[in-house]
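Coordinates in review
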Amino acid sequence: MHTQALTLVSHHLCPYVQRAAISLAEKAVPFERVHVDLADKPAWFLDLSPLGKTPVLRVDDRAIFESAVILEYLEETRPHPLHPADPLRRAEHRAWIEFGSAVLNDIAGLYSAKDETAFAAKAEALAPKFTRLEGHLGDGPWFDGAFSLVDAAFGPVFRYFDVFDRIDDFAILAGRPKVAAWRQALATRPSIAQAVGADYEARLERFLAQRNSHLSTLIR
Ligand SMILES: N[C@@H](CCC(=O)N[C@@H](CS)C(=O)NCC(=O)O)C(=O)O
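These remarks concern the structure in this document.

The rules we used
Counting from 1, residues in each chain are numbered in the order their sequence is written. Only residues with pLDDT of 70 or above have their local features reported here, since the model is predicted, and side-chain atom pairs are shown and tallied only from 80 upward, although totals for entire chains, interfaces and linings are computed over all residues. Side-chain descriptors were evaluated using all non-hydrogen atoms of the structure, hydrogens and water having been removed beforehand. To be near a molecule or strand, a residue needs just one of its heavy atoms within 4 Å of it. Polar contact criterion, stated in full: a pair of N or O atoms within 3.5 Å, where within protein one must be able to donate a hydrogen and the other to accept it, and residues adjacent in sequence count only if both atoms are side-chain atoms. Note on areas: these come from Shrake-Rupley sampling with a 1.4 Å probe, and a residue is covered only by the protein chains present in the view. Here a cavity denotes grid points, spaced 1 Å and computed from the protein atoms alone, that fit a 1.4 Å probe unable to get out, and a pocket denotes an open set having protein on both sides within 12 Å along at least 5 of 7 lines; residues with an atom within 4 Å of a point are the lining. Pocket occupancy is defined atom-wise: a molecule lies in a cavity or pocket when more than half of its atoms are within 2 Å of its grid points. Residue classes follow a fixed rule: Ala, Val, Leu, Ile, Met, Phe, Trp, Tyr, Cys and Pro count as nonpolar, while Asp, Glu, Lys and Arg count as charged, and any other residue, Gly among them, counts as polar. Grid points are joined across faces, edges and corners, and a volume is the space filled by probe spheres set on the points. Under the scheme used here, helices are H or I runs from DSSP no shorter than 4 residues and strands are E runs no shorter than 2 residues, and both carry numbers assigned from the N terminus. Residue ranges assigned to each domain were obtained from an automatic or database domain assignment. Here, a strand pair is defined by DSSP locating no fewer than two bridges between the strands. Throughout, an axis means a line fitted to C-alpha atoms (over the contacting stretch in the case of helices), and angles, computed between N-to-C directions, take values from 0 to 180 degrees. As used here, the term nonpolar core means buried Ala, Val, Leu, Ile, Met, Phe, Trp, Tyr and Cys residues forming a set that is joined through side-chain atoms within 4.5 Å. When a residue's accessible area, from a 1.4 Å probe over protein chains only, is under 20% of the maximum for its type it is buried; when over 50% it is exposed; and in between it is partly exposed. Residue contacts are counted whenever heavy atoms from the two residues lie within 4.5 Å of one another.

1. Some details on the site of the ligand
The environment of the ligand is made up of Cys14, Pro15, Tyr16, Leu38, Lys41, Gly52, Lys53, Thr54, Pro55, Glu66 and Ser67. Interatomic distance of 2.7 Å between a side-chain N/O atom of glutamate 66 and a nitrogen atom of the ligand. Here the ligand, which alone exposes 520 Å², has 71% of that area covered by the protein. Here the ligand occupies the largest pocket. When its residues are assigned to classes, the shell around the ligand shows 5 nonpolar, 3 polar and 3 charged.

This is the structure:
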């Protein structure tokens, strides 16, 4: 029985924060959530977060940064494992979580691309990563057997596409039936659905519209 108070220092749109929120929900671990403005970082946050990034998990008066590290800490200390028991499979899962981070970097490149050419280049870099996933996915509904941290990492990835799809059909995920089924399964998982606030999509759309990017011009 853990008595430590957990606080997830968050940003409303951060996909890395969502990973930790999903893990905590899957493990039924109570926690508080505090949101920071990353455009105007408070001093207390910079004290806790050496890289100035969310998420940070406060455990009583200590603080852990980096989402992958937070996930591992929760695996080691809380019930309901989300990693496979076999070390090799667990290593594979960690690798695919890293792959998820690379996909998130590409997504940030996509929504920040300044013009149509740069946008197309970013979309071209992103699409093969989903082809790779299509080749790796099995019969579903989850990435590999039981719901795992890889699923927790990709729920926030597909959430971006829910908003992108409302702007235009960029066909980045098209023609990949296993990816489509996985995306749908992830969207219905309560821990994933509840990892963001009810106003997430409106907030993301506002954020994208204000980026002075190619995507911003498509929103307007
Ligand atoms: N490698 C980090 C990435 C976290 C990250 O990039 N967080 C973003 C928000 S989603 C952030 O805090 N950015 C603020 C900044 O870089 O100034 C992790 O996995 O926790």
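2. Notes on the layout of surface pockets
Looking at the largest pocket, its volume works out to about 960 Å³. The wall of the largest pocket is formed by 35 residues, among which Cys14, Pro15, Tyr16, Leu38 and Thr54 lie closest to the centre. At the level of secondary structure, the elements contributing two or more residues to the lining of the largest pocket comprise α1 (15-26), α3 (67-77), α4 (87-112) and α9 (200-209). The element contributing the most residues to the lining of the largest pocket is α4, with 7 residues. Here the lining of the largest pocket is composed, by residue class, of 17 nonpolar, 9 polar and 9 charged. The two domains that each donate at least three residues to the lining of the largest pocket are domain 1 (6-77) and domain 2 (87-219). In this structure, the second largest pocket spans a volume of roughly 160 Å³. Forming the walls of the second largest pocket are His2, Gln4, Leu6, Lys27, Ala28, Val29, Pro30, Arg78 and Pro79. Per-class residue counts for the lining of the second largest pocket are 5 nonpolar, 2 polar and 2 charged.

3. Remarks on the sheet that holds strand β2 (residues 32-35)
The mixed open sheet is built from 4 strands, whose spatial order is β2-β1-β3-β4. With partners counted over all chains shown, the strands left at the sheet margins are β2 and β4 (62-65), one partner each. In this sheet, neighbouring strand axes are inclined to one another by 25 degrees on average, regardless of whether the strands run parallel or antiparallel. Relative to β4, strand β3 (residues 56-59) is paired through 4 bridges, and the arrangement is antiparallel.

4. Observations concerning the nonpolar core
Leu57, Ile107, Phe130, Leu133, Phe154, Phe161 and Phe164 are the most contacted members of the largest nonpolar core, which has 61 residues in total. In terms of residue count, helix α6 (residues 149-167) provides more of this core than any other element does, 12 residues in total. Beyond its immediate sequence surroundings of up to four residues, phenylalanine 164 is in contact with Ile107, Leu110, Tyr111, Phe170, Leu208 and Leu215. Val9, Val36, Leu48 and Val56 belong to the second-largest nonpolar core, a separate cluster that totals 5 residues.

5. Concerning the environment of alanine 39
As for its position among the elements, alanine 39 is in the loop between β2 and α2 (43-48). Separated by 50 residues in sequence, alanine 39 and arginine 89 have C-alpha atoms that sit 39 Å apart.

6. As for the environment of glutamine 4
Structurally, glutamine 4 is set in the segment before β1 (6-10). Classification of glutamine 4 as partly exposed rests on a relative accessible area of 32%. Along the primary structure glutamine 4 and glycine 109 are separated by 105 residues, whereas in three dimensions their C-alpha atoms are 38 Å apart. Residues contacting glutamine 4, with those up to four places away along its chain left out, are Val59, Asp60, Tyr73 and Arg78.

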